[in-house]
Amino acid sequence: MESIAVALQPYKDTVGLTAAIVTVVQFFSGVLALNAIRRQGNTRGFSALPFLGGTVFCLLNIQFGQMLRDDGMIRVNFIGLALNLLYVCGFYLYTEGPAKTAVWGQIGLAGALTAGVLSYVQYEDPQLVEFRFGLILTGLLWTLKKSTEGLPFPIIFLGAVVSFAWLLYGIILRSNFLVVQNLMALALSAVQLSLFIIFPSGAAKPPPTPAKKRN
């Protein structure tokens, strides 16, 4: 990995900018889900967890960016944080009746998780915190990727592009956890994308069963 890092070092700013741009584009994919909710008129069949998970992940990545002293990572996750907060608010507005209570419960859990992790970071041994914090982010990223398996092909493909861009950037920064996180995310995206090849949407459907004749 060291030789790749050295070879890519002159392109650090370009790779970082590319990763930031494609990530921001991916953040806007939440608009598609909210638009579907708007057309339906309610949130039945949808979950707030991807938006809440995105909020938590962006908050924690801002902290991770501060650890790495990487302004680009901090800026792009501030954008993601703002967008995901808007998505959560939009989701709540279209949530009906008692389901609002469940959303508040999920918001409370997300807030408690974020507060707990950020508090832990302040008290952990500086020599251990980056490693352990990276483990937490990796686990959260895997959970988020698993929760979006039903997304359409363009969004999953864009997620793979995002993971690949941050993988390259992690190699340049020599950040083992950025590399591991995005290798895992890229592998999961590859599995998801392979399903579109194995089971294409245009595959032939079995003929309908003929209706029985009435006597």
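In this text the structure is predicted, and so the values were computed from the model without any measurement.

A few points about the overall build of the chain
Part 1 of the argument: Across its full length, the chain carries nine helices and zero strands.
Part 2 of the argument: Going from the N terminus to the C terminus, the chain shows its helices and strands as α-α-α-α-α-α-α-α-α.
Part 3 of the argument: For the chain, the proportion of its 215 residues judged to be buried stands at 40%.
Part 4 of the argument: Taking all contacts inside the chain whose residues are at least 6 apart in sequence as the whole, residues at least 24 apart take part in 76%.
Part 5 of the argument: When the accessible area of the chain is evaluated, it comes to approximately 12,800 Å², of which 68% is carbon and sulfur surface.

Observations regarding the confidence of the model for the chain
Part 1 of the argument: With 87% of its residues at a pLDDT of 70 or more, the chain shows a mean pLDDT of 81.
Part 2 of the argument: When mean pLDDT is compared element by element in the chain, helix H5 (residues 71–93) scores highest at 92, while helix H7 (residues 126–147) scores lowest at 72.
Part 3 of the argument: In the model, residues 202–208 has pLDDT below 50 throughout and makes zero contacts with residues more than four positions away in sequence or in other chains.

As for the UniProt feature "transmembrane region" (unreviewed entry) in the chain
Part 1 of the argument: UniProt's feature table lists "transmembrane region" (unreviewed entry) at residues 15–34, 46–64, 76–94, 101–121, 151–172 and 184–204, given in the numbering used throughout.
Part 2 of the argument: With 84% helix and 0% strand, the stretch residues 46–64 has end C-alpha atoms that lie 30 Å from each other.
Part 3 of the argument: Within residues 101–121, the helical portion is 100% and the strand portion 0%, while the C-alpha atoms at the span's ends are 30 Å from each other.

Remarks on helix H3 (residues 30–40)
Part 1 of the argument: Along H3, the residues that are buried comprise Gly30, Leu34 and Ile37. Viewed end-on, H3 has its buried residues packed into an arc of 55 degrees, placing them on one side of the element. Summarising the geometry of H3, the exposed residues directed more than 90 degrees from the buried face are Leu32 and Arg39.
Part 2 of the argument: The inward-facing, buried residues of H3 abut helix H2 (12–27), helix H4 (49–68) and H5.
Part 3 of the argument: The positive-phi residue at the C-terminal boundary of H3 is Gly41, with phi of around 90 degrees.

A word on the packing of H4 against helix H6 (residues 99–123)
Part 1 of the argument: Remark: H4 packs on H6, axes separated minimally by 10 Å, with the N-to-C direction vectors making an angle of 15 degrees. The angle between the axes of H4 and H6 places the two elements in the roughly parallel class. In the crossing of H4 with H6, the sense of the turn from one axis to the other is right-handed. Residues Leu49, Leu52, Val56, Leu59, Leu60, Gln63 and Met67 of H4 form the contact with H6, whose participating residues are Gln106, Ile107, Ala110, Leu113, Thr114, Val117, Leu118, Val121 and Gln122.

A closer look at unusual backbone geometry
Part 1 of the argument: Of note in the backbone geometry, Arg174 takes a positive phi value of approximately 60 degrees without being a glycine.
Part 2 of the argument: Among the secondary structure elements, Arg174 is positioned in the loop between helix H8 (153–173) and helix H9 (176–198).

Looking at the pattern of salt bridges
A side chain of one charge can pair with a side chain of the opposite charge if their charged atoms are brought near each other.
Part 1 of the argument: For the coordinates displayed, the defined rule picks out one salt bridge.
Part 2 of the argument: In this structure, Glu96 engages Arg44 in a salt bridge whose closest nitrogen and oxygen atoms are separated by 3.0 Å. You can see Glu96 sitting in the loop between H5 and H6 and its partner Arg44 sitting in the loop between H3 and H4, a full 52 residues away along the chain.
Part 3 of the argument: We classify Arg44 as exposed; its relative accessible area is 56%.

About the thresholds
- Residues numbered from 1 in each chain as written.
- Predicted model: local features only at pLDDT ≥ 70, side-chain atom pairs only at ≥ 80, totals over all residues.
- Heavy atoms only, no water.
- Helix = DSSP H or I, 4+ residues; strand = E, 2+ residues; numbered from the N terminus.
- Buried < 20%, exposed > 50% of the residue type's maximum accessible area, 1.4 Å probe, protein only.
- Contact = heavy atoms within 4.5 Å.
- Areas by Shrake-Rupley, 256 points an atom, 1.4 Å probe, with all protein chains shown as cover.
- pLDDT = per-residue confidence, 0-100.
- UniProt positions renumbered as here; feature names shortened; annotations may be inferred.
- Arc of directions from axis to C-beta.
- Axes fitted to C-alpha atoms, helices over the stretch in contact; angles between N-to-C directions.
- Parallel < 35°, antiparallel > 145°, perpendicular 65-115°, else oblique.
- Left-handed = near helix turned anticlockwise from the far one by under 90°.
- Salt bridge = Lys/Arg side-chain N within 4 Å of Asp/Glu carboxyl O.

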